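# A closer look at the structure
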Amino acid sequence: MMSAQGSTGNVIAAICSFFIPGLGQLVQGRVLSAIGWFVTACVAFVITWLLTLSLLPFGWFVVSVFSCINAAVYRRPLA
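Just so we're clear, the structure is a prediction, and the values are computed from it rather than from any experiment. (Residues numbered from 1 in each chain as written. Predicted model: local features only at pLDDT ≥ 70, side-chain atom pairs only at ≥ 80, totals over all residues. Heavy atoms only, no water.)

In this model, helix α4 (residues 58–72) (15 residues) spans 21 Å end to end at C-alpha, consistent with the 21 Å of a helix rising 1.5 Å per residue. In this structure, the buried residues of α4 make contact with α1 (8–19), α2 (23–27) and α3 (31–52). (Helix = DSSP H or I, 4+ residues; strand = E, 2+ residues; numbered from the N terminus. Expected span 1.5 Å × (residues − 1). Contact = heavy atoms within 4.5 Å.)

What follows is the structure in structure tokens.
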């Protein structure tokens, strides 16, 4: 199914992760990774908000880019 790097499944997962960090990993069936990316994005958002005292979601954006890359280059382990 979604086994090769750059496959259609990975592209869809990467697009999902760009909007909501961790959603692409969830689509790929990696639940713990999805929870980790989402929690990291929430923490980054809160830290950014506290430092800038605004609703600038820069921390969320940075984590979503890394989550997107992680979903795009994922290769299912051979079992």
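Now for the side chain of glutamine 28. Looking at the element boundaries, glutamine 28 is found in the loop between α2 and α3. We classify glutamine 28 as buried; its relative accessible area is 4%. At 2.9 Å, the side chain of glutamine 28 forms a polar contact with the backbone oxygen of alanine 71. (Buried < 20%, exposed > 50% of the residue type's maximum accessible area, 1.4 Å probe, protein only. Polar contact = N/O pair within 3.5 Å; in protein donor to acceptor, adjacent residues only side chain to side chain.)

Let us look at the packing of α3 against α4. It is the contact of α3 with α4, at a shortest axis distance of 7 Å, that shows an interaxial angle of 155 degrees. The orientation of α3 with respect to α4, classified from their angle, is roughly antiparallel. The two elements α3 and α4 cross, and the hand of that crossing is right-handed. Judged by residue contacts, Ser33, Trp37, Phe38, Thr40, Ala41, Cys42, Ala44, Phe45 and Thr48 of α3 engage Phe58, Gly59, Trp60, Val63, Phe66, Ser67 and Asn70 from α4. Across the contact of α3 with α4, the residue classes tally to 10 nonpolar, 6 polar and no charged. (Axes fitted to C-alpha atoms, helices over the stretch in contact; angles between N-to-C directions. Parallel < 35°, antiparallel > 145°, perpendicular 65-115°, else oblique. Left-handed = near helix turned anticlockwise from the far one by under 90°. Nonpolar A, V, L, I, M, F, W, Y, C, P; charged D, E, K, R; others polar.)

This part covers α3. Helix length check: α3 (22 residues) gives 32 Å between terminal C-alpha atoms against 32 Å at 1.5 Å per residue, within 8%. By the burial criterion, the buried members of α3 are Ala34, Trp37, Ala41, Ala44 and Thr48. Buried residues of α3 fall within an arc of 95 degrees about the axis and therefore sit on the same side. Opposite the packed face of α3, turned more than 90 degrees from it, sit the exposed residues Leu32 and Leu50. Tucked into the core, α3 has its buried residues touching α2 and α4. Positive backbone phi, approximately 55 degrees, marks leucine 53, located one or two places after α3. (Arc of directions from axis to C-beta.)

Any link to function would need more than the numbers given here.
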